[in-house]
Amino acid sequence: MTESTSTRLTAASHESQNDPMVRAEQVRKSFGRLEVLKGVDLTIGRGEVVCMVGPSGSGKSTFLRCINHLERVDGGRLWVDGQVVGYEQRGNKLHELADKEICKRRGQIGMVFQHFNLFPHMTVLENLIEAPRLALKQPKADVTLRALSLLEQVGLADKRSAYPRHLSGGQQQRVAIARALCMQPKLMLFDEPTSALDPELVGDVLAVMRDLASSGMTMAVVTHEMSFAREVADRVVFFDAGQVVEEGPASQVINDPQHERTRAFLRAVR
Amino acid sequence: MTADLRRSSEGLSPSPAPGEDLTVVPKRHPGRWVAAAVVVLIGVALLRSVVGNERFQWDVVNLYLRDVSVAQGLWLTIWLTAVCMVVGVVLGIVLAVMRISANPVIRSGAFGYVSFFRGTPLLVQLLFWYNLAALYPVITLGLPGIHLDANQLITPLTAAILGLGLNEAAYMSEIVRAGIISVDHGQQEAAGALGLTRSQTMRRVILPQAMRVIIPPTGNETIGMLKMTSLVSVLAVPDLLYSAQIIYNRTFQPIPLLIVASIWYLVVTTLLTIGQFYVERHFARGNKVLPPTPLQRLRALLATHTPLAKGDLS
Ligand SMILES: Nc1ncnc2c1ncn2[C@@H]1O[C@H](COP(=O)(O)OP(=O)(O)OP(=O)(O)O)[C@@H](O)[C@H]1O
Ligand SMILES: [Mg+2]
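Just so we're clear, the structure is a prediction, and the values are computed from it rather than from any experiment. Numbering of residues starts from 1 in every chain and runs along the sequence as written. In the order they appear in the text, chains get letters beginning with A and ligands get numbers beginning with 1. For a predicted model such as this one, the threshold for reporting local features is a pLDDT of at least 70, and the threshold for listing and counting side-chain atom pairs is 80 or more; totals across whole chains, interfaces and linings nevertheless cover every residue. Hydrogens and waters are ignored; side-chain quantities use all the structure's heavy atoms.

### Looking at the overall build of chain A
Move 1: Of the regular secondary structure elements, chain A holds 9 helices and 12 strands.
Move 2: As a reference, a globule follows 2.2 Å times the number of residues to the power 0.38, and the radius of gyration itself is taken over C-alpha atoms. Relative to its length of 270 residues, chain A is compact, with a C-alpha radius of gyration of 18 Å against a globular reference of 18 Å.
Move 3: With the C-alpha coordinates of chain A rotated into their principal frame, the extents come out at 50 × 50 × 35 Å.
Move 4: With 270 residues in all, chain A has 54% of them scored as buried.
Move 5: Carbon and sulfur atoms provide 46% of the accessible area of chain A, an area that totals close to 12000 Å².
Move 6: Here the positive residues are Lys and Arg and the negative ones are Asp and Glu; neither His nor the chain ends is included. The atoms used to mark charge sites are NZ of Lys, CZ of Arg, CG of Asp and CD of Glu. Between the centroid of the 34 positive side chains of chain A and the centroid of its 33 negative side chains there is a distance of 5 Å. Numbering of helices and strands runs from the N terminus; a helix is a DSSP stretch of H or I covering at least four residues, while a strand is a stretch of E covering at least two. Buried, partly exposed and exposed residues are distinguished by accessible area as a fraction of the type maximum, computed with a 1.4 Å probe on protein chains only: under 20%, between the cut-offs, and over 50%, respectively. All accessible-area figures derive from a Shrake-Rupley calculation using a 1.4 Å probe, and residue coverage is judged against the displayed protein chains alone.

Below, the structure written as structure tokens:
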């Protein structure tokens, strides 16, 4: 693949806007009577890499899923790229978006799951080109070219015709990252991308994510990989019981946590 | 490979002298041979009693096996099976998607449909459709300008298609629903996160994976449908069975003509079974090890029963 045809791992952000990529104000979410998010305040700047850590059940996944509207926010406000999630502002009124518009906005946000969730009935290449062709209606030739260069970047160019079940977990997760990037998102969400992997496979996935971060992509990463957070994250956010308890530069939150609950959690994961 | 074999058997006793070749003696299965012989014997005895019995009138069977009106009946049976299965599958998918809708009214509508059509006998449904004109002499579909004469519209054939197709849809919807439920929820999630709409997700991600679960019972349904179409003989639709009946009412030879019909039903179900095998294979791709084709299986069988040539253990 020549340099001219290769797609760099870059984010297509709206430079004109000065809004942060994600802004949450007192975001609340309940499932039935269980309140999972109890007023989350958080900002993710453009090009920033934010790692979210916290105990199981603290609402990290739920918050990520609110960002791309896989879950509906019950209270508070959530903006992505200057737009209220799930709504369109016209004048001083918020109009709830039609399903089609919601899908369109979701397509601008990439998401990587703990269990990869590749489409098992499609080859690796088909996994990558499916959404850009259907959701963005892009021509097959263009998408294929982009997909192949992305596969090259995650080190799996030779696996284009393989089915997911013939790949290792680490390879599957790299395909999943490439699949999300093939939509040319402006923001990438990662929900424990390495938690389901054998330890020796974690490194390859983290390397891809490191490349992505250095290319300027805005990333929200839920992870228990403290070394990754320390090295790559601009900021670390500590979640507990549905709230952001502590946040700051990675070195500060990890090495010198201020809050007792953060300290207890970090002792446990180490 | 001979070298490998020698090395691996060195730990065992008595170890052969270096350079000496080993002969492999396959395990014997005497029990299997006895069981197979018993089955073959019973089969031969049955065949002889059937072929040797003149009362089966094999000459008449032979004559009508190629009869034109039987062939026409066979064609109608196949055509009716195909049309009713298409109606059943398409409507079944719609009903299955309705069953998992977020809207409770749509959900209960589909549930009511399935309960009704599964809860009443097919023969009764067929007769109801046939007699629809008695209930609704004029069909308007509730739309202005539509004014259809039910007696003309509901011919025996339309009654047959409605009866068989709508009934089939109820069963197919349960099969499709089981297939949809069998697909991991993460698939829907991933498709949604990629910006696919609900219908795109259903068509491109969920249903193709559900097919693995849907296809085998659908094959059974198709074979069942082929035989169920014989019920339409009560509506005087000239299918395979009814064509045979017309002939034997004239010639008073019911047994050979029923055999003719049975032979044709058997031929078509056999062909359908073969087709089902290959369709299942197609939809299993990417998911599991493909089952071998009969040709591959035959080759494997011959391979295991051929004594291994010396040094051919690879
Ligand atoms: N769809 C749902 N319906 C009901 N409860 C849910 C749903 N999704 C999540 N929950 C509950 O919300 C709480 C927070 O879940 P969430 O997945 O956000 O936590 P998490 O911080 O990601 O934890 P983990 O580290 O285990 O992934 C949990 O108690 C969970 O059981
Ligand atoms: Mg989680």
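Having seen it, we continue.
### Overview of the layout of surface pockets
Rolled over the atoms, a probe with the dimensions of a water molecule shows which regions are left empty.
Move 1: Here a cavity means grid points, on a 1 Å grid over the protein atoms only, where a 1.4 Å probe fits yet cannot get out; a pocket means an open set of points with protein on both sides within 12 Å along at least five of seven lines; lining residues are those with an atom within 4 Å of a point. Grid points are joined across faces, edges and corners, and a volume is the space filled by probe spheres set on the points. Space inside the largest pocket adds up to approximately 1000 Å³.
Move 2: Taken together, 34 residues line the largest pocket, and the ones lying closest to its centre are A:Arg106, B:Gln188, B:Thr197, B:Arg198 and B:Thr201.
Move 3: Elements with a minimum of two residues in the lining of the largest pocket: α2 (99-106) of chain A together with α4 (68-99), α9 (156-182), α10 (185-193) and α11 (198-228) of chain B.
Move 4: A total of 7 residues in the lining of the largest pocket trace back to one element, the largest contributor, which is α11(B).
Move 5: Residue type decides the class: Asp, Glu, Lys and Arg count as charged, Ala, Val, Leu, Ile, Met, Phe, Trp, Tyr, Cys and Pro as nonpolar, and the leftover types, Gly among them, as polar. Residue classes in the lining of the largest pocket are distributed as 15 nonpolar, 8 polar and 11 charged.

### Description of the sheet that holds strand β2 (residues 34-44) of chain A
What links the strands of a sheet is backbone hydrogen bonding, and the strands pair in either a parallel or an antiparallel sense.
Residues and elements named next belong to chain A.
Move 1: Paired strands are those between which DSSP finds at least two bridges. Taken in spatial order, the 4 strands make up an open sheet running β2-β1-β4-β5, and their pairing is antiparallel. Every interior strand has two partners, whereas the edge strands, β2 and β5 (83-84), have only one.
Move 2: Here 5 bridges tie strand β1 (residues 22-31) to strand β4 (residues 75-80), and the two strands are oriented antiparallel to one another. Looking across to β4, one finds that Arg23 is bridged to Trp79.
Move 3: We call two residues in contact when some of their heavy atoms are within 4.5 Å. All axes are obtained by fitting lines to C-alpha atoms, using only the stretch in contact for helices, and the reported angles, taken between N-to-C directions, cover 0 to 180 degrees. Running at roughly 65° to β2, helix α1 (residues 60-67) makes contact with β1, β2 and β4 of the sheet.

### A word on a nonpolar patch on the surface
All names here are of chain B.
Move 1: Patch definition: residues above 30% relative accessible area lacking any salt bridge, with like charges linked at up to 9 Å and the nonpolar side chains Val, Leu, Ile, Met, Phe, Trp and Tyr linked at up to 5 Å. Put simply, a salt bridge is a Lys or Arg side-chain nitrogen that is within 4 Å of an Asp or Glu carboxyl oxygen. Together, Val34, Val38, Ile42 and Leu46 give the surface a local cluster of nonpolar side chains, amounting to about 380 Å² of exposed area.
Move 2: Secondary-structure assignment places Ile42 in helix α2 (residues 30-52).
Move 3: Relative accessible area serves as the criterion here: at 51%, Ile42 is assigned to the exposed category.

### Brief notes about the side chain of B:Thr218
All names here are of chain B.
Move 1: The residue Thr218 is located in helix α11 in this model.
Move 2: Residue Thr218 is classed as buried on the basis of its relative accessible area of 13%.
Move 3: Dropping the residues within four chain positions of it, Thr218 is found in contact with Met85, Val89, Met172 and Ile175.

### A closer look at the environment of B:Gly92
Move 1: Here B:Gly92 lies in helix α4.
Move 2: Spatially, the C-alpha atoms of B:Gly92 and B:Gln200 are 18 Å apart, while their sequence positions differ by 108 residues.

### Considering the interface of chain B and chain A
Move 1: Contact residues are listed per partner, giving 22 residues for chain B and 25 residues for chain A.
Move 2: Summed over both partners, the accessible surface that disappears when two parts come together, traced with a 1.4 Å probe, is what is meant by buried area. Taken together, both faces of the contact between chain B and chain A bury some 2100 Å²; the carbon and sulfur share is 61%.
Move 3: On inspection of chain B and its partner chain A, the count reaches 2 salt bridges.
Move 4: Between B:Glu189 and A:Arg65 there is a salt bridge, with the nearest N and O atoms lying 2.6 Å from each other.
Move 5: For this analysis, a polar contact is any N or O atom pair within 3.5 Å, provided that within protein one partner can donate a hydrogen and the other can accept it, and provided that sequence-adjacent residues contribute only side-chain to side-chain pairs. Joining chain B to chain A, the criterion identifies 6 residue pairs in polar contact (both at pLDDT 80 or more).
Move 6: Listed by contribution, the elements that provide at least two residues to the side of chain B that touches chain A are α10 and α11 of chain B.
Move 7: If you tally residues by element for the side of chain B that touches chain A, the top one is α10(B), at 7 residues.

### With respect to the packing of helix α5 (residues 169-181) of chain A against helix α6 (residues 199-214) of chain A
Residues and elements named next belong to chain A.
Move 1: Their axes nearest at 8 Å, the elements α5 and α6 cross at an angle of 20°. By the criterion of interaxial angle, the relationship of α5 to α6 is roughly parallel. Handedness of the crossing formed by α5 with α6: right-handed. The residues of α6 that touch α5, namely those facing Gly169, Gly170, Gln173, Arg174, Ile177 and Leu181, are Leu201, Asp204, Val205, Val208, Met209 and Leu212.
Move 2: The class makeup of the residues in the contact of α5 with α6 is 7 nonpolar, 3 polar and 2 charged. Angle categories are assigned with fixed cut-offs, so that under 35 degrees is roughly parallel, over 145 is roughly antiparallel, 65 to 115 is roughly perpendicular, and the rest are oblique. The crossing is said to be left-handed when, going from far helix to near helix, the turn is anticlockwise and less than a right angle, and right-handed when the turn is clockwise.

### Considering empty space enclosed by the protein
Move 1: Tallied over the full model, the rule gives 2 cavities of 30 Å³ or more.
Move 2: For the largest cavity, the lining is made up of 15 residues, of which A:Ile67, A:Val80, A:Val85, A:Arg105 and A:Ile109 are closest to its centre.
Move 3: Elements represented by at least two residues in the lining of the largest cavity include exactly β5 and α2 of chain A.
Move 4: Looking at which element gives the most residues to the lining of the largest cavity, the answer is α2(A), with 3 residues.
Move 5: Its residues placed into classes, the lining of the largest cavity shows 7 nonpolar, 5 polar and 3 charged.
Move 6: In terms of lining residues, the second largest cavity is bounded by A:Gly110, A:Met111, A:Val112, A:Phe113, A:Phe116, A:Ala176, A:Arg179, A:Ala180, B:Ala190, B:Ala193 and B:Leu194.
Move 7: Among the elements of the structure, β8 (109-112) and α5 of chain A together with α10 of chain B are those that each provide at least two residues to the lining of the second largest cavity.
Move 8: Along the lines of polarity and charge, the residues of the lining of the second largest cavity split into 9 nonpolar, 1 polar and 1 charged.

### Points about the packing of helix α3 (residues 124-135) of chain A against helix α4 (residues 140-153) of chain A
For any two helices packed against each other, the geometry comes down to the angle between their axes and how far apart the axes lie.
Residue and element names in this part refer to chain A.
Move 1: In the contact formed by α3 and α4, the axes pass within 9 Å of each other and the chain directions differ by 130°. With respect to α4, the axis of α3 lies oblique. Here α3 and α4 pass one another in a crossing that is right-handed. Counted together, Val124, Leu125, Leu128, Ile129, Pro132 and Arg133 of α3 and Lys140, Val143, Thr144, Arg146, Ala147, Leu148, Leu150 and Leu151 of α4 form the full contact between these two elements.
Move 2: Considering only residue class, the contact of α3 with α4 consists of 10 nonpolar, 1 polar and 3 charged.

These results come straight from atomic positions and should not be treated as a statement about function.
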